[in-house]
Amino acid sequence: MKTKNTLSWLVQIVAAVILLQTLFFKFTGAEESVYIFSKLGVEPYGRIGTGVIELIAGILLLTPRYCWIGAILGLGTMAGAILSHLTVLGIDVLGDGGQLFALALITFKCCALVVILHWSKVISTIRGLLPAH
């Protein structure tokens, strides 16, 4: 149990740090962020909206009770980022050597592991939302 908890905190922190460190670039309209979201055809609303979702996910990942919700948000956001890289942006964006793509993959994997480690919470919440027979 202690190993599971330690592993969970490790991947929660990694995912949260990656998600939260990119916010500065999204919220300040950094050239790379504007380029990415312009190429996707969703600048500025997609950039700001994604930033808000990543902020919420990052905060939730750092809360013991709701980390799995943050992980699910992170999974969805990173799935969109990975798909965007594979279909529109390419792996290398503005000569970054694939760094943004790699960070999206790492964050996706970390979030997936958090969901797996907290699967019982996910299932119990879903069951609690379903109507009783």
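Residues numbered from 1 in each chain as written. Predicted model: local features only at pLDDT ≥ 70, side-chain atom pairs only at ≥ 80, totals over all residues. Heavy atoms only, no water.

You'll find the protein entered in an unreviewed UniProt entry as DoxX family protein, with Runella aurantiaca given as the organism. Quoted verbatim from the Subcellular location (unreviewed entry) field of the UniProt record, the comment on the protein reads "Membrane". (UniProt positions renumbered as here; feature names shortened; annotations may be inferred.)

Engineer: Quick rundown of the nonpolar core? Include the residues and the values.
Structural biologist: With 19 residues, the main nonpolar core has Ala15, Leu19, Leu61, Ala71, Cys111, Val114 and Val115 as its most contacted residues. Those elements that place two or more of their residues in this core are α1 (2–21), α4 (45–61), α5 (67–89) and α6 (99–117). Residues contacting Val115, with those up to four places away along its chain left out, are Trp68, Ala71, Ile72, Leu75 and Val122. (Core = buried A, V, L, I, M, F, W, Y, C linked by side-chain atoms within 4.5 Å. Buried < 20%, exposed > 50% of the residue type's maximum accessible area, 1.4 Å probe, protein only. Helix = DSSP H or I, 4+ residues; strand = E, 2+ residues; numbered from the N terminus. Contact = heavy atoms within 4.5 Å.)

Engineer: Explain the UniProt feature "transmembrane region" (unreviewed entry) in the protein residue by residue, including any values.
Structural biologist: UniProt annotation of "transmembrane region" (unreviewed entry) refers to residues 7–25, 45–62, 69–88 and 100–119 when read in the numbering used here. Helix makes up 95% of residues 7–25 and strand 0%, and the two end C-alpha atoms of the span are 29 Å apart. For residues 45–62, the end-to-end C-alpha separation is 26 Å, with 94% helix and 0% strand making up the annotated structure.

Engineer: Tell me about the environment of Gly51, residues and numbers included.
Structural biologist: Looking at the element boundaries, Gly51 is found in helix α4. Residues Gly51 and Thr22, spaced 29 residues apart in sequence, show a C-alpha to C-alpha distance of 8.1 Å.

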